[in-house]
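An overview of the molecular structure
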Amino acid sequence: MVPWGAVLWRRLLRKRWVLGVVFGLSLVYFLTSTFKQEERTVRDRNLLQVQEHEQPILWKVKFSAGNSSQLSNQCRNSVQGKLLITDELGYICERKDLLVNGCCNVNVASTKLYSCDSCLPNGCCSIYEYCVSCCLQPSKQHLLERFLNRAAVAFQNLFMAVEDHFELCLAKCRTSSQSVQHENTYRDPIAKYCYGEYPPELLPV
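Reference entry: report on the structure contained in this document. (Residues numbered from 1 in each chain as written. Predicted model: local features only at pLDDT ≥ 70, side-chain atom pairs only at ≥ 80, totals over all residues. Heavy atoms only, no water.)

The next subject is the pattern of salt bridges. Within the structure shown, the criterion is met by six salt bridges. Aspartate 164 is the salt-bridge partner of arginine 76, the closest N and O atoms lying 2.7 Å from each other. Of this pair, arginine 76 sits in the loop between α2 (16-53) and β1 (84-86) while aspartate 164 sits in the loop between α5 (156-159) and α6 (165-173), placing them 88 residues apart in sequence. Taking the relative accessible area as the measure of exposure, arginine 76 reaches 31% and is therefore partly exposed. Overall, aspartate 164 belongs to the buried group, its relative accessible area being 16%. Glutamate 167 is the partner of arginine 76 in a salt bridge, and the nearest nitrogen-oxygen pair spans 3.3 Å. A residue pair is termed long-range when its members are at least 10 positions apart, and arginine 76 in the loop between α2 and β1 and glutamate 167 in helix α6 qualify at 91 residues. A single salt-bridge network, built from bridges that share partners, covers Arg76, Glu88, Asp164 and Glu167. (Salt bridge = Lys/Arg side-chain N within 4 Å of Asp/Glu carboxyl O. Helix = DSSP H or I, 4+ residues; strand = E, 2+ residues; numbered from the N terminus. Buried < 20%, exposed > 50% of the residue type's maximum accessible area, 1.4 Å probe, protein only.)

See below:
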């Protein structure tokens, strides 16, 4: 036996005014949801524009006053070099002269502090470790701050992740889209590691 509720519901659905009410409510719900989504999109877009054009990016990079501020006897270093290593104090040394604590052995004659060998006046170097060492000079702080203040939003994800001068120099000296032209050719195939404010000049096509 068919329940009376089901029979009554079927009879109501056959009436045009009931279908009209259901359709009207559905249409109102759809339009309301669409307008709310559009409002959120416009608000988010306006907020992004305000952040991009009116508020500077709040970089969290901390600059040290030099190697005298080192509180630990452990050092981070550039890790990747096969022949050379730069530690976070700004010393560059041969890999064989790296101490077990990660710091360069400063008692070795070939170890140098804040060395800019292989670097050009524009802040581009042919050797990554020299780029990092030169970038770590306390005098480069203002240059790096100017770069961060001018950095395009495209670089925000990269540089927002760094927390101090050493990490910034590691990231800045790595080759990136700033170092290449046409996506596959170095702007300067020799000095391709840059800590400076501006990328190398484009080579003539």
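Let's pick the thread back up.
Every buried residue of helix α4 (residues 141-150) is listed here: Leu143, Leu144, Phe147 and Leu148. Along the long axis of α4, the arc covered by the buried residues comes to 135°, so they all point the same way. In α4, the exposed positions angled more than 90 degrees off the buried face are occupied by His142 and Asn149. (Arc of directions from axis to C-beta.)

Residues separated by three or four positions in an α-helix point in the same direction, a consequence of the helix having 3.6 residues per turn. Here α6 lies mainly inside the structure; eight of its nine residues are buried. Buried within α6 are the following residues: His165, Phe166, Leu168, Cys169, Leu170, Ala171, Lys172 and Cys173. By the N-cap criterion, in which a side-chain oxygen at the helix start approaches the backbone nitrogen of a residue two or three places on, α6 is capped by aspartate 164, the distance to phenylalanine 166 being 3.3 Å. (Polar contact = N/O pair within 3.5 Å; in protein donor to acceptor, adjacent residues only side chain to side chain.)

Fair warning: the whole summary comes from geometry, so function is off the table for now.
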